[in-house]
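Listed below, chain by chain, are the residues.
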Amino acid sequence: MVPTLIAGLIAVVVGVIAVVVGFIVGQIYRKKVAEQKLGSAEEEAKRIINEAIKTAQQKRKEAAVEAKDELFRMKAEADKEIKERRADISRQEKRLDQKEENLDRKTTALEQKEEQQKKRAELIEARLAEIEQMRERENEKLEHISGLSEEAARDLLLTRVDEGLAHEKALRISAFETQTKEDADKLAKELISQAVARCAADHSSEITVSVVTLPNDEMKGRIIGREGRNIRALETATGVDLIIDDTPEAITLSSFDPVRREVARMALEKLIADGRIHPARIEEVVEKCRKEIDAAMKREGERAVMEVGVHGLHPDLVKLLGRLKYRTSYGQNVLNHSMEVAYLSGLLAAELGINITMAKRAGLLHDIGKALTHEIEGSHVGIGVDLVKKYRENPAIIHAIEAHHGDVEPTTPLAFVVMAADAISAARPGARRENVENYVKRLEDLEAISSSFPGIETSYAIQAGREVRIMVKPEQISDDQLTILAHDIVKKIEDELEYPGQIKVNVIRENRAVDYAK
């Protein structure tokens, strides 16, 4: 850039000089042409030339000074830019040096690691080789000790693994079956809970005696009669014992047959109201009361059939149902119990998709045999089965009646429904003559007796005290000892507890195998 400026200044100076020279040459040329006319101008030309020369010199000096100033300024800028670039280059060189040092350190560290890894690999290879040699020596020893080759040992091992897998499959199947049973039990409990919640039935607790109120104590003498002929006639006609004691203005009637007791009560009340008490009148009134009781039993049977919604029963079965109103079982009215079983059977059948009408019919007739247990020998189940067979009831209903106490193995859903409904109605607190406190205490005593034997892990009273489920410790009680233990528990329960019906003792011994897949 500086040489360019200097060349420009020189060109300017040269141009000025050229102009001056040209001007002078022109003047000289003019002077030669017009010497005559320009004689006086020679001196002027010289003066002009001198001035032009001076001017040119002055311009040249000024141009040279300006050129020098510009040169110094440009040089200073150039020096400044060079310094900045040198400083920048120096910083970059320092950063590059630092990077190179870092790379060198990393390279050194990597080389050291590679060396260490190489040494480790060599050590591992050496150890693997040593392990392989040890394994070969152990295999040789095992083959020598067992007398089996490696292939034979492998086949034996695979056979045992297959057997182990078969056992594992059996365990898994058993666990699945257990889970299925638990789910079924849970569903059954839900269905039973819903059925019980939707069924509400009142139960009256009858006893084996009835009390007849007298207007005065003189009436006791008239009932006894001369030499006791009236009381003997009344006891003979009704089959009921009359207890006349010191109780003021009351006579107690005692009989195991509630129908006879009801006939005697009605007859005695009629005789007291009529006032005529003698053997002939007693027989007449007793016979009349029997007819009234028969009519009342028929009405009660028809009412029960109507309320439950069961139709088409034989009239004799309807009358026998009414007879159950005067029959009790552990203080529970049998007719009310039969109606409640019918309701519960219908509700359970609806939940399970079974014929509701058939379930109600079987539930209502399941205890029909109790109407004749005082007259016919045998259990109420057998009597009831004979009755429903006589009147040509459905075979499914006959089987449900026959199986509701487990006399035969239940094989139909209807039989299981009736069995469950009967257990719910008969065993729940308040249904029978047993208050809640006694009920809870009986369950606690039942569990305490069951847990008192050695080897028992835990025991639970279920089915409202009709069953006790006992879990034993498998390491202490063997399968062969289960039967003996169950018999001993049953014997102790029979000796120490009082309970209605029967109690099922269920002793369980279980081994479990648990493993985790990872």
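Provided above is the structure to which this section pertains.
Residues numbered from 1 in each chain as written. Predicted model: local features only at pLDDT ≥ 70, side-chain atom pairs only at ≥ 80, totals over all residues. Heavy atoms only, no water.

A.B. asks: Summarise the sheet that holds strand β7 (residues 467–472); cite the residues concerned and give the values.
C.D. replies: Strand order across the open sheet formed by three strands is β6-β7-β8, with mixed pairing between neighbours. Two strands lie at the open edges of the sheet, namely β6 (456–462) and β8 (504–508), each paired on one side alone. For this sheet, the mean inter-axis angle between neighbouring strands, taken without regard to orientation, is 15°. In this structure, β7 lies alongside β8, joined through five bridges in parallel fashion. Within β8, the residue paired with M471 across the bridge is I508. (Pairing = 2+ DSSP bridges. Helix = DSSP H or I, 4+ residues; strand = E, 2+ residues; numbered from the N terminus. Axes fitted to C-alpha atoms, helices over the stretch in contact; angles between N-to-C directions.)

A.B. asks: Lay out the side chain of S345 with the relevant residues and their values.
C.D. replies: Summarising the element assignment, S345 is placed in helix α9 (residues 334–352). Among all residues touching S345, those that are not within four sequence positions of it are A359, G363, V417, V418 and A421. (Contact = heavy atoms within 4.5 Å.)

A.B. asks: Explain unusual backbone geometry to me, and be specific about the residues and the numbers.
C.D. replies: For E227, which is not glycine, the phi dihedral falls at a positive 55°. Assignment of secondary structure puts E227 in the loop between α4 (218–224) and α5 (229–238). Under the relative-accessibility criterion, E227 is labelled exposed at 71%. In this structure, R392 is a non-glycine residue whose phi angle is positive, near 60°. (Buried < 20%, exposed > 50% of the residue type's maximum accessible area, 1.4 Å probe, protein only.)

A.B. asks: Can you tell me about the packing of aromatic side chains, naming the residues and giving the values?
C.D. replies: Geometrically, a pair of aromatic rings is defined through the distance of the ring centres and the angle of the planes. Taken as a whole, this structure holds zero aromatic pairs when the rule is applied. Here the guanidinium or amino end of K492 rests over the ring plane of F453, the centre of that ring lying 5.4 Å away. (Phe/Tyr/Trp six-rings, centres within 6.5 Å; stacked < 30°, edge-to-face > 60°. Lys NZ or Arg CZ within 6 Å of the ring centre and 35° of its normal.)

A.B. asks: Which residues make up the nonpolar core, and what are the values?
C.D. replies: Looking at soluble globular proteins, one finds that nonpolar side chains tend to be buried together. L313, L320, L321, L364, L365, I368 and L387 are the most contacted members of the largest nonpolar core, which totals 43 residues. Sorting the residues of this core by element identifies α7 (279–308), α8 (315–323), α9, α10 (356–365), α11 (380–390), α12 (395–403) and α13 (413–427) as the ones contributing at least two each. Counting residues per element, this core draws most heavily on α9, at eight residues. If you look at the next biggest cluster of nonpolar residues, it comprises 29 residues, including I223, I251, M266 and I277. (Core = buried A, V, L, I, M, F, W, Y, C linked by side-chain atoms within 4.5 Å.)

In short, geometric facts, not functional conclusions.
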